Amino acid sequence: MSRAAETADPVVIEAAPLKTPLYDEHVALGAKMVPFAGYLMPVQYAGIIAEHQHTRAAAGLFDVSHMGQARLVGPDHATTALALEALVPADILNLSPGRQRYTQFLDGNAGILDDLMVHRPADPAEDGVLMLVVNAARKADDYAHLAARLPAGVTLVTADDRALLALQGPKAVDVMVRLGAAVADWPFMSAGPTRLAGIDVHVSRSGYTGEDGFEISVAENDVVALWRALVADSDVAPVGLGARDSLRLEGGLCLYGHDLDTGTTPVEAGLVWSIQKRRREEGGFPGADIVQQQIRDGAPRLRVGIRPEGRAPAREGTEIQAADGTPIGVVTSGGFGPTVGGPVAMGYVAAGHAAPGTRVTLVVRGKPLPAEVVALPFVPARFYRGR
Amino acid sequence: MAKYFTEDHEWLSVDGDVATVGITDYAQAQLGDVVYVEVPEVGRTLAKGGEAAVVESVKAASEVYAPASGTVVEANGALADAPATVNESPEDAGWFFKLKLADAGELDALMDEAAYRAFVDTL
C-alpha cells in the first residue's frame, strides 16, 4: 500500500518546521502531527470523523496559531481604511466599530493573493487601527505586499506574540459563557476584547466550519492555560486539520491555494457578496475593471458544489466533464463529508454548466463517475445573527 | 493457514493456493477513517506489484498493490456499504479480495508475522 498525501496541502519544508506554543499539548493529547504551511500541526486526535461530528454536535477546539495576525495602524479610521481599500475590494471605510469583514488581497488581474479577515476595534482609543488575520502559508507574502504599498503614516505591526484558537459548534457559546466571556449576544462577525477563563483575549464571533463559534486571539504566554481550560470543558474536544478541512468543505468555504489563487477572481469564486455596493460602483482596488466587467457580464467560469453519485470521493485535480465528455472544469476541493454522509466536492466549471441540477461527469482514476452540480453549502450555516 | 506480510502493509492469509488479502492494523491506523474501498473484479488477473485496489480515508486515496501474482476469485463486496469495516476488523472481516496464486514461490520473499511486527517497530 502506498501512502498518498497526508494533508490537504503538505508543504515541503527545508528549514526545521515551526511549532505553535501548543505543540506539546497536541502531542500529550495523542495528536498525529504533520507539516502544514511550515508548521507541525495536529491533523487528528481521536479521528477525523469523530472530531467532525463533535464539532457539528457540541464544540470543537482548533489551534490556528499558525495563521498570521497583524495590525494596520494609522492616524484615524478613514486613513487606515482607505490604505487597505487600495488593496482589497471590501468596503472598509464603512465597517462599524466592533465589526469584522471577510475580503481578499487582489492583484492587477483581479487574481486573489490571499483571503483575510479585517476587524475594526470598538474602542475609540484604537481609532485608526485595523486588525487582520491572514493565511499561514501566505503571511510572509501578505506582509511584504502590504508593507510595500502602505502610504506614509500607516504602518503594519505584526502580532507574532499572539496565538489563535477557534472554538466552533452549537455549544461554543455556552462554553464561552461558562468560562466568563461576555459574548452571549454578540452577533456573527462582531469582535472585541473580553476575558475567558480569567485571561485577557480578543474574540470574534466567526470561524470556518459553518457553525456558530469564535476565534480567540490570546497572548502566546497565556495560550497553554487557555487551551487547558477549554479542553477541560466536557462539551469541548480538540480538533485537527483533517476535520477542519471536511467541515469547511461542507460549509462551502474556500481554502486558499485550492479553491482560491491568483488565477481566480472573486466573481468566479462566488465571493461577490464580500464586495459591498460602494466598492462595486466606485472600484479603486486592484483588478477593479475586471471585477466590474465580470459582475456586469458574468464570469467565464464559476465555483460550484458537486455531489458525486455513489461513494467514491473525487479529490482535488479531478477533471469535470459535460455529459458529452467535453472537459468543462476541475475539482479544487473534494473528499468525504461526514455530516453529508458521502462524497462532496467543489470545483470550477464553465459558466454554462454551473446551474444546480446540471449533470456532469467526474473522471476518477480514469473512470467516468456520474455527478450533479448542487447549491453550496452542503451543510446549512448556523451562524448566530442575533435575537 | 500461513499468514504473510509485505513492507507495504498488506497481509495474505494462504489456504491451499488461494490467498485472502487485506491491509494490516498498522495500515488502517495510519490511514484513519476509511470511507471508500474499491476492490478488484472477480476474474481479473493481477501481476505482483500492480494496482489491485484503492482505499480512501477522509483525507486521501491510497492504492493497494497486488502482493503476489494471480487471479481474483472473490472480492469483499460488503466493503462498498461498510468501508469502516477496514478500521474495525482490518485483518479479518475487512479483507479486500481472494487471489488464486500463480506462483506460490513468490510468498517466500514476504515476512511472517514476527518479522512484520519487528519491521513496524522500526517505522
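Criteria and cut-off values
- Residues numbered from 1 in each chain as written.
- Chains lettered and ligands numbered in written order.
- Predicted model: local features only at pLDDT ≥ 70, side-chain atom pairs only at ≥ 80, totals over all residues.
- Heavy atoms only, no water.
- UniProt positions renumbered as here; feature names shortened; annotations may be inferred.
- Buried < 20%, exposed > 50% of the residue type's maximum accessible area, 1.4 Å probe, protein only.
- Helix = DSSP H or I, 4+ residues; strand = E, 2+ residues; numbered from the N terminus.
- Pairing = 2+ DSSP bridges.
- Contact = heavy atoms within 4.5 Å.
- Buried area = accessible area lost by both parts, 1.4 Å probe.
- Salt bridge = Lys/Arg side-chain N within 4 Å of Asp/Glu carboxyl O.
- Polar contact = N/O pair within 3.5 Å; in protein donor to acceptor, adjacent residues only side chain to side chain.
- Arc of directions from axis to C-beta.
- Core = buried A, V, L, I, M, F, W, Y, C linked by side-chain atoms within 4.5 Å.
- Domains from an automatic or database assignment.
- Axes fitted to C-alpha atoms, helices over the stretch in contact; angles between N-to-C directions.

A.B. asks: What is the right way to look at the UniProt feature "modified residue: N6-lipoyllysine" (unreviewed entry) in chain B in this model?
C.D. replies: This chain's UniProt record puts "modified residue: N6-lipoyllysine" (unreviewed entry) on Lys 59 of chain B. Exposure remark for Lys 59 of chain B: the relative accessible area of 15% places this residue in the buried category.

A.B. asks: Help me understand the pairing of strand E8 (residues 129–134) of chain A in this model?
C.D. replies: Moving residue by residue along a regular strand, the side chains alternate between the two faces of the sheet. All names here are of chain A. Along E8, six of the six residues are buried, which leaves the element largely enclosed by surrounding structure. With burial as the criterion, each face of E8 is covered, one bearing Val 129, Met 131 and Val 133 and the other bearing Leu 130, Leu 132 and Val 134. Relative to E8, strand E5 (residues 68–73) is paired through six bridges, and the arrangement is antiparallel. Paired with Gly 68 across the bridge in E8 is Val 134. Here strand E7 (residues 112–120) pairs with E8 via four bridges, running antiparallel. Within E8, the position partnered with Leu 116 by the bridge is Val 134.

A.B. asks: Even after reading the chapter, I still don't get the interface of chain B and chain A, so can you show me in this structure?
C.D. replies: The parts lose accessible area when they come together, and the size of an interface is often stated as this lost area. Taken together, the contacts link 27 residues of chain B with 26 residues of chain A. Contact with chain A buries surface across chain B, with Val 35, Val 58 and Lys 59 of chain B losing the most and accounting together for 31% of the total. Counting every contact that joins chain B to chain A gives five salt bridges. Across the pair Glu 38 of chain B and Arg 365 of chain A runs a salt bridge, and its minimum N-O distance is 3.5 Å. Applying the counting criterion to the chain B and chain A interface returns 11 residue pairs in polar contact (both at pLDDT 80 or more). Among the elements of the structure, helix H1 (25–31), strand E4 (34–38), strand E6 (51–57) and strand E7 (61–65) of chain B are those that each provide at least two residues to the side of chain B that touches chain A. In terms of residues, the side of chain B that touches chain A owes the most to one element, E7 of chain B, which gives five residues.

A.B. asks: Looking at this model, I keep getting lost on the sheet that holds strand E1 (residues 18–19) of chain A. Mind explaining?
C.D. replies: Residue and element names in this part refer to chain A. One open sheet accounts for three strands, arranged E1-E3-E2; its pairing is mixed. Each edge of the open sheet is held by one strand with a lone partner, namely E1 and strand E2 (32–36). Looking at chain direction, E1 and strand E3 (residues 39–44) are connected through two bridges and run parallel. In the strand pairing of E3, Lys 19 is matched with Leu 40.

A.B. asks: Can you walk me through the UniProt feature "domain: Aminomethyltransferase C-terminal" (unreviewed entry) in chain A in this structure?
C.D. replies: Residues given the UniProt feature "domain: Aminomethyltransferase C-terminal" (unreviewed entry) here are residues 303–379 of chain A. Helix and strand shares over residues 303–379 of chain A are 0% and 56% respectively, and the end C-alpha atoms of the span are 17 Å apart.

A.B. asks: Is there a simple way to explain helix H4 (residues 139–149) of chain A in this structure?
C.D. replies: Residues lying three or four places apart along an α-helix face the same way, a consequence of the helix completing one turn every 3.6 residues. Residues and elements named next belong to chain A. Listing the buried residues of H4 in full gives Lys 139, Asp 142, Tyr 143, His 145 and Leu 146. When H4 is viewed along its axis, its buried side chains cluster within an angular range of 160° and face the same direction. Along H4, exposed side chains directed more than 90 degrees from the buried face belong to Ala 140, Ala 147 and Ala 148.

A.B. asks: Honestly, the nonpolar core in this entry has me stumped. Any pointers?
C.D. replies: Most often, soluble globular proteins have nonpolar side chains that are buried together. Residues and elements named next belong to chain A. Ranked by internal contacts, the top residues of the largest apolar core, which has 53 residues, are Tyr 102, Leu 260, Val 291, Ile 306, Ile 320, Val 360 and Leu 362. Residues from two domains meet in this core; each of domain 1 (18–64 + 161–251) and domain 2 (300–379) gives at least three. Apart from the residues lying within four places of it in its own chain, the contact partners of Ile 306 are Ile 320, Val 344, Ala 345, Gly 347, Val 360, Leu 362, Ala 371, Glu 372, Val 374 and Phe 378. Within the second largest apolar cluster, 30 residues are counted, among which are Tyr 23, Met 33, Leu 61 and Val 236.

A.B. asks: I would appreciate a short explanation of the sheet that holds E7 of chain A in the present structure.
C.D. replies: In a beta sheet, neighbouring strands pair by backbone hydrogen bonds and run either parallel or antiparallel. Residue and element names in this part refer to chain A. Across the sheet, which stays open at both edges, the five strands sit in the order E6-E7-E8-E5-E9 with antiparallel pairing between neighbours. The open sheet has two free edges, formed respectively by strand E6 (99–106) and strand E9 (155–158), since each of these has just one partner strand. On average, adjacent strands in this sheet sit at an angle of 30° to one another, irrespective of strand direction. Together, E5, E6, E7 and E8 form the strand contacts of helix H3 (residues 77–85), whose direction differs from that of E8 by roughly 30°. Packed on one face of the sheet, H4 meets E5, E6, E7, E8 and E9 and runs near 10° to E5.

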